[in-house]
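# Observations on the model geometry
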Amino acid sequence: DGYYQFSPVLDGQINMAPDETARKAAADAISGYDPTGGATTFFNPGKTGDQWVRSRAYFTTIGNHVFAK
């Protein structure tokens, strides 16, 4: 069909009903809290070998995801 930047779009997780963790994350974001340091992209290094995303400036790791700019 096509290509997707983020796997939750490809596998349909984007359509899941939010749980309490997701609601808290949304409320934190609305209030200005950004644990990613202003990251503009993220990836799971265990799921991609893409070199472009790995070349981005590193900010932090949260869970299995690296956040970068």
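We now turn to the structure provided with this report. (Residues numbered from 1 in each chain as written. Predicted model: local features only at pLDDT ≥ 70, side-chain atom pairs only at ≥ 80, totals over all residues. Heavy atoms only, no water.)

The next thing to look at is the pairing of strand 3 (residues 65-68). With three bridges joining them, strand 1 (residues 41-43) and strand 3 adopt antiparallel strand pairing. Each bridged residue has a counterpart across the sheet, and for T41 the counterpart in strand 3 is A68. Sheet analysis places strand 2 (residues 58-62) next to strand 3, joined by four bridges and oriented antiparallel. Directly across from I62, in strand 3, lies its bridge partner H65. A loop of two residues connects strand 2 with strand 3, the two strands running antiparallel in sequence, and G63 in this loop sits at a positive phi of about 60°. (Pairing = 2+ DSSP bridges. Helix = DSSP H or I, 4+ residues; strand = E, 2+ residues; numbered from the N terminus.)

Our next topic: the sheet that holds strand 2. Spatially, three strands are ordered 1-3-2 in an open sheet, and the strand pairing comes out antiparallel. Looking along the sheet, the strands with just one partner apiece sit at the ends: strand 1 and strand 2. Each strand axis lies, on average, 25° off the axis of its neighbour in the sheet, ignoring direction. (Axes fitted to C-alpha atoms, helices over the stretch in contact; angles between N-to-C directions.)

It is worth stressing that arrangement in space is one thing and function is another; only the former is reported here.
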